[in-house]
Amino acid sequence: MTDKKETHLGLRDEAKGLSSSRRIYNMGMRTVIYISAIIVVALLIFLLGYILYRGLPNLSWGFLTSEESVVKDIQGIGPAILNTLYVIIATLIVVLPLGVGAAIYLTEYATNRKLVSAIEFATETLAGIPSIIYALVGVLVFAESLALGKTLIAGAFTLVIMVLPTVIRTTQESLKTVPQSYREGSLGLGSGKWHMIRTVVLPSSIDGIVTSCILAIGRIVGESAVLLYTVGMSMQMQDFFRNGLESFFSASGSTLSVALYVYAKVRADFDLAFSVAVVLIIITLVINLAANLAGKKLKRQ
Amino acid sequence: MNEQSLHNSPEEAVEKTSRRKGKAGARPLESVMQLIFFICGFIAIAFVLVITIYLIISGLPAIREIGLVDFLFGTEWASTAEDPKFGILPMILTSIYGTAGAIVIGVPIGFLMAVFLSKVAPRRLANVIRPVVDLLAGIPSIVYGLVGLMVLVPFIRETFNTAAGESLLAAIVVLAIMILPSIISVSETALNAVPKEYEEASLALGATDIETYFRVSAPAAKSGIAAAVVLGVGRAIGEAMAIMMVAGNVANMPDLLSSVRFLTTGIAVELAYSSGLQRQALFSIGLVLFLFIMCINVILNVFLKRDKEG
């Protein structure tokens, strides 16, 4: 890719004495390429510009941090931001050990090829299932069968299944980049397999694990269907820690994406919805930059 | 890729040594950890099984009660009526039309944009556009729904003079824009992976650069591009929240300018308040959607595998 521009001969089509049909083909195809590029770029600029234009005026520190109150006529997404954080933390606490463990099993332990391909097929299947099906499963399995109700925990467990493939795949990729000689060296010095994984393999693939975290956070922040039905759409501040774990298990509330839905579709308060959209875009931007950085570091290794 | 590492002889050797140690029982922690990792690895399979079994168990009763033919081919969905009707043909057709429409609009533009980014554009311009495309790929789908609701829906209402702009057309455009970033980046990756020698040979034989892109590079990258299309289909057919905001959600037979309900939105709209047979019917819709997605996944796998081998 580095010097692909060298393949261009630098000759204009006309200069080559082409037949007229070839010239028309060239002109036509070149035109549609440029038209598509212009459409896409215009779309990118319009989308971002429009969202920023509608959302920025209402964005203030108070809106980001305060809890909404009808009495005091305050609008605020403080609770939604906190809820998003709680859901992210609760999901990652469960999914990281599972996902990293599964990746370790696949790259370090598994010897049965059939089992490996079965696990990989299952991972791909999970990655392809749309979020509304996860919402159904979350409602069925966690909210009803396990009687967790519409709570943060039910939502987090559902998200665990949803982001598991992302964590497994990204971690697996980075585990594969750990040189075989590291493993041999460690084992040769007499360490056991688990000791070798803990002291050699995991530390050298920490970038990949971080990347998988970032990607998982991205999916969680963007998710709305699952959270709408399993965590609910309350916009009030939840005091998760007042009664210790008990309130953590019974708390529900909307995350940022759900708050956007509530503003737009339930309350028809579109300007505030756009402000939430701006916050989401900024978060996405930060996540993308972080993932790129971690990815670059991974590549350098 | 994994197969490679399995046949790596040093690793096999490593495998044997560690197993011997495990058998000797010198390190009980080792076998405990191996078991834990095995369970972690197995859990993905367990999740798939749980989802499949739950969907089948909770989806079948309603289908049995309504009758498979009435359910799949009934043209009327009136779940809360006195004499409820549960025909999901309008939703199936809407999902198919909506997805097809999004693909017809999104794939050509996305593919041409990928050609632009990969081959035509100056590298500096491409490096500016690419992160923006990635940003759009990461933006939550509900944001697309919001912009569609505020821009597209009024536009359609005024242009076509309809009572409500919420329509299949709005949903198709929103879906097309939503799948665009992933189609662009997957096709671009495929185009970039075409060996440079192919293109050089084509240019040396007298083809112009445009001819080279479309007659040499694109065919060489065709399985990657096909994977992009299938990925787009998967995303479009599975999207719920964005199109719930722009499609109007009335279970009409699909028509470009009328309010429609997709399979996904059919579940999403009623999930919050439904009960009894109505709720069970939602799980049946979920089962149908799940089967659709499984078919798409199998097709995607075939393409990806062929890509890896070729």
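What counts, and where the lines are drawn
- Residues numbered from 1 in each chain as written.
- Chains lettered and ligands numbered in written order.
- Predicted model: local features only at pLDDT ≥ 70, side-chain atom pairs only at ≥ 80, totals over all residues.
- Helix = DSSP H or I, 4+ residues; strand = E, 2+ residues; numbered from the N terminus.
- Contact = placed C-beta atoms within 7 Å.
- Nonpolar A, V, L, I, M, F, W, Y, C, P; charged D, E, K, R; others polar.
- Axes fitted to C-alpha atoms, helices over the stretch in contact; angles between N-to-C directions.
- Parallel < 35°, antiparallel > 145°, perpendicular 65-115°, else oblique.
- Left-handed = near helix turned anticlockwise from the far one by under 90°.
- Buried ≥ 20, exposed ≤ 12 C-beta atoms within 10 Å, placed from the backbone.
- pLDDT = per-residue confidence, 0-100.
- Domains from an automatic or database assignment.
- Core = buried A, V, L, I, M, F, W, Y, C linked by C-beta atoms within 7 Å.

Colleague: Please explain the overall build of chain A as it appears in this structure.
Modeller: Tallying secondary structure elements over chain A gives 13 helices and 2 strands in all. Long-range pairs, those at least 24 residues apart, make up 73% of the contacts in chain A with a sequence separation of at least 6.

Colleague: Can you walk me through the interface of chain B and chain A in this structure?
Modeller: Accessible area lost when the parts come together is the quantity often used to give the size of an interface. Each partner contributes residues to the interface: chain B has 85 residues there, and chain A has 86 residues. The dominant element in the side of chain B that touches chain A, judged by the number of residues it contributes, is helix α3 (residues 28–66) of chain B, at 18 residues. When its residues are assigned to classes, the side of chain B that touches chain A shows 54 nonpolar, 18 polar and 13 charged.

Colleague: Where do I start with the packing of helix α12 (residues 256–266) of chain A against helix α7 (residues 141–160) of chain B in this structure?
Modeller: Working note: a packed helix pair is described by the angle between its axes plus the distance between those axes. Between α12(A) and α7(B), the shortest axis-to-axis distance is 10 Å and the interhelical angle comes to 20°. On the basis of their axis angle, the class for α12(A) and α7(B) is roughly parallel. In this structure, the crossing between α12(A) and α7(B) has a hand that is left-handed. Between α12(A) and α7(B), the contacting residues are S257(A), L260(A), Y261(A) and A264(A) on the first element and I142(B), L146(B) and L149(B) on the second. Residue composition of the contact of α12(A) with α7(B), grouped by class: 6 nonpolar, 1 polar and no charged.

Colleague: Explain α12(A) to me, please; I cannot follow it from the model alone.
Modeller: Side chains that are three or four residues apart share a direction in an α-helix, a result of its 3.6 residues per turn. All names here are of chain A. Of all 11 residues in α12, 9 are buried; the element is thus mostly enclosed. Residues L256, S257, V258, A259, L260, Y261, V262, Y263 and A264 constitute the buried set of α12. The first or second residue beyond α12 is A268, which carries a positive phi of 55°.

Colleague: Looking at this model, I keep getting lost on helix α13 (residues 263–271) of chain B. Mind explaining?
Modeller: Extensive coverage of α13(B) is indicated by the burial of 9 of its 9 residues. Among the residues of α13(B), L263(B), T264(B), T265(B), G266(B), I267(B), A268(B), V269(B), E270(B) and L271(B) are the ones counted as buried.

Colleague: Even after reading the chapter, I still don't get the confidence of the model for chain A, so can you show me in this structure?
Modeller: Reading fine detail from the predicted coordinates is not recommended where pLDDT is low. For chain A, per-residue confidence averages 84 on the pLDDT scale, and residues scoring 70 or more make up 88% of the total. Scored below 50 in pLDDT, residues 1–11 of chain A shows 10 contacts in the model against residues more than four places distant or in partner chains.

Colleague: Can you help me understand the packing of helix α5 (residues 131–145) of chain A against α13(B) in this one?
Modeller: Relative to each other, α5(A) and α13(B) sit at 35°, their axes nearing to 10 Å. For the pair α5(A) and α13(B), the sense of crossing is left-handed. Of the residues in α13(B), those in contact with I132(A), A135(A), L136(A) and V139(A) of α5(A) are T264(B), I267(B), A268(B) and L271(B). Its residues assigned to classes, the contact of α5(A) with α13(B) comprises 7 nonpolar, 1 polar and no charged.

Colleague: How should I be thinking about the domain arrangement of chain B in this particular structure?
Modeller: Residues and elements named next belong to chain B. Along its sequence, chain B is carved into domain 1 (2–66) and domain 2 (78–309). When each unit is reduced to the centre of its C-alpha atoms, the spacing between domain 1 and domain 2 is 34 Å. When its residues are assigned to classes, the side of domain 1 that touches domain 2 shows 6 nonpolar, 2 polar and 1 charged.

Colleague: Is there a simple way to think about the confidence of the model for chain B in this case?
Modeller: Residue and element names in this part refer to chain B. In this model, chain B carries an average pLDDT of 85, and 90% of its residues clear a pLDDT of 70 or more. Per-residue pLDDT stays below 50 along residues 1–11; that stretch engages in 12 contacts with residues further than four places along the chain or on separate chains. Here residues 20–25 is a poorly scored stretch, pLDDT under 50, and it has 8 contacts once near neighbours within four places are set aside; other chains count. Quick note on the complex model: pTM equals 0.86, ipTM equals 0.84.

Colleague: Explain the environment of K119(B) to me, please; I cannot follow it from the model alone.
Modeller: Residues and elements named next belong to chain B. Of note, K119 is situated in helix α5 (residues 89–120). Classification of K119 by C-beta neighbours within 10 Å gives buried; the count is 24. Sequence separation between K119 and M33 is 86 residues; the distance between their C-alpha atoms is 49 Å.

Colleague: Would you mind going over the nonpolar core with me for this structure?
Modeller: Most often, soluble globular proteins keep nonpolar side chains buried together rather than apart. Counting residues in hydrophobic clusters, the biggest one holds 189 residues, and the most contacted among them are L164(A), L260(A), V276(A), L280(A), L146(B) and V174(B). At 18 residues, helix α8 (residues 168–192) of chain B tops the list of elements feeding residues into this core. In this structure V276(A) touches I77(A), L256(A), A259(A), L260(A) and Y263(A), once residues within four positions along its chain are discounted.

Colleague: Honestly, the domain arrangement of chain A in this entry has me stumped. Any pointers?
Modeller: Residues and elements named next belong to chain A. When cut into domains, chain A gives domain 1 (16–58) and domain 2 (61–300). Between the C-alpha centres of domain 1 and domain 2 there is a distance of 35 Å. Between domain 1 and domain 2, the residue contacts involve 6 residues of the former and 8 residues of the latter. Of the residues contributing to the side of domain 1 that touches domain 2, the split by class is 3 nonpolar, 2 polar and 1 charged.

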